[in-house]
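# Residue-level structure breakdown
Each chain, written out:
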Amino acid sequence: MKKVKIMGVLNLAPDSFYDGHRDILLNKQKLASRLAFLKDSDIIDVGCESSRPGSKPISEKEEIERLSTLINSTNKDSFFSIDTYKYKVAKYALENGFKMINDIYAGRFDDNKMLELASDFKVPIVLMHMKGDPVNMQRDTSYDSVIDNICSFFDERISVAKDYGIVDKNIILDPGIGFGKSIDDNFSIVKNIDKFKRIGYKVLIGLSRKSFLSYKGDTPEDRLSATIAMNTLSVLNGVDIIRVHDPSESIKMKDVLIKYSFCN
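Residues numbered from 1 in each chain as written. Predicted model: local features only at pLDDT ≥ 70, side-chain atom pairs only at ≥ 80, totals over all residues. Heavy atoms only, no water.

## Looking at helix 3 (residues 87-95)
The cut-off we apply is this: With a 1.4 Å probe rolled over the protein chains alone, any residue whose accessible area is under 20% of its type maximum counts as buried; one over 50% counts as exposed, and the rest are partly exposed. Each helix corresponds to a stretch of at least 4 residues labelled H or I by DSSP, and each strand to a stretch of at least 2 residues labelled E; elements are numbered beginning at the N terminus. The arc under discussion is defined with respect to the helix axis, by the directions toward the C-beta atoms. Note on definitions: a residue-residue contact is assigned when non-hydrogen atoms from the two residues lie within 4.5 Å.
Of all the residues in helix 3, the buried ones are Val89, Ala90, Ala93 and Leu94. On an axial view of helix 3, the arc spanned by its buried residues comes to 130°, and they lie on one face. Elements in contact with the buried residues of helix 3: helix 2 (60-71), strand 3 (80-83), strand 4 (100-103) and helix 4 (113-121). Two residues or fewer after helix 3 comes Gly97, characterised by a positive phi angle close to 100°.

## Notes on the environment of Ile150
By the secondary structure assignment, Ile150 is in helix 5 (residues 146-163). Of the residues examined, Ile150 reaches a relative accessible area of 0% and is grouped as buried. Once the C-alpha coordinates of Ile150 and Ala161 are considered, the two residues, 11 residues apart in sequence, prove to be 16 Å apart. Not counting chain neighbours up to four residues away, the residues in contact with Ile150 comprise His129, Pro175, Lys181, Ile189 and Phe196.

## Some words on the packing of aromatic side chains
The cut-off we apply is this: Any two of the Phe, Tyr and Trp rings considered here, Trp counted by its six-membered ring, make a pair once their centres fall within 6.5 Å; the pair's planes then place it as stacked at under 30 degrees, edge-to-face at over 60, or tilted in between.
Per the counting criterion, the structure on display carries 7 aromatic pairs. With 6.1 Å between their ring centres and 55° between their planes, Phe153 and Phe154 make a pair best called tilted. The exposure classification of Phe153 matches that of Phe154, with both residues buried. Seen from their ring centres, Phe154 and Phe196 are 6.0 Å apart, and the 85° between their planes marks the pair as edge-to-face. With a gap of 42 residues between them, Phe154 in helix 5 and Phe196 in helix 7 (residues 193-197) connect regions that are remote in the sequence.

## Digging into a nonpolar patch on the surface
Rules: Only residues above 30% relative accessible area that lack a salt bridge enter a patch, with like-charged residues linked at up to 9 Å and the nonpolar side chains Val, Leu, Ile, Met, Phe, Trp and Tyr linked at up to 5 Å. Only the protein chains shown count as cover for residues, and all accessible areas are computed by the Shrake-Rupley method using a 1.4 Å probe. The salt bridge criterion pairs a side-chain nitrogen of Lys or Arg with a carboxyl oxygen of Asp or Glu, the two atoms within 4 Å.
Together, Leu233, Leu236, Val256, Tyr260 and Phe262 line one region of the surface with nonpolar side chains, adding up to about 510 Å² of accessible area. Considering the arrangement of structural elements, one finds Leu233 in helix 8 (residues 224-236).

Right under this line is the structure:
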């Protein structure tokens, strides 16, 4: 029976496009409530810097300060992933019980030091495709062939990751929906998950409540139904991990698919 993992999102950045709480780091009750909401997730992905289109980076020091609030106020029973592209932030997380790295730069930032870190700690790392960076990634979303370009990018990044000693089972591919992609590109990625799977590694999709799902100008708060619909297609198309803001609803969706034998 297919085991699709649910990665729940914990945003500690006040300016995230959805679910950013300006006071969550100052309010232990609100942080505890969010963690309780995410408790049934297979993975809890913690991000301390927003990567929404147009967002600007923060310093490593500020990112670690935000992360330390979580680390100092919770136990390590859950499987935590650190959503960062900065070596020092990831190292701090791994030294404090985190078990996975989710890197939007696929290890390219800091001269591949992130790949070396993942190898040293023997943890899974998500290698995501992004054109440009969060500040400018939506200015030019043109490709010769978006699917072929992403696959070529993955081939190169996998080769480098393996050169650093990362084993196959710890490599996860994320085609980067919304990261330097047009609306049509994002839908094309979901339709072509099987092509990424053919590369031979687990595939993660993160589309939860993103703008390409907008219907009649709605806001991220209104996009749960669209998110569930597209994640259902992702699961049917063979994805291994879905990154979501609403784990309980996603678990229900997955369980229904399994119960009625849509997932074998």
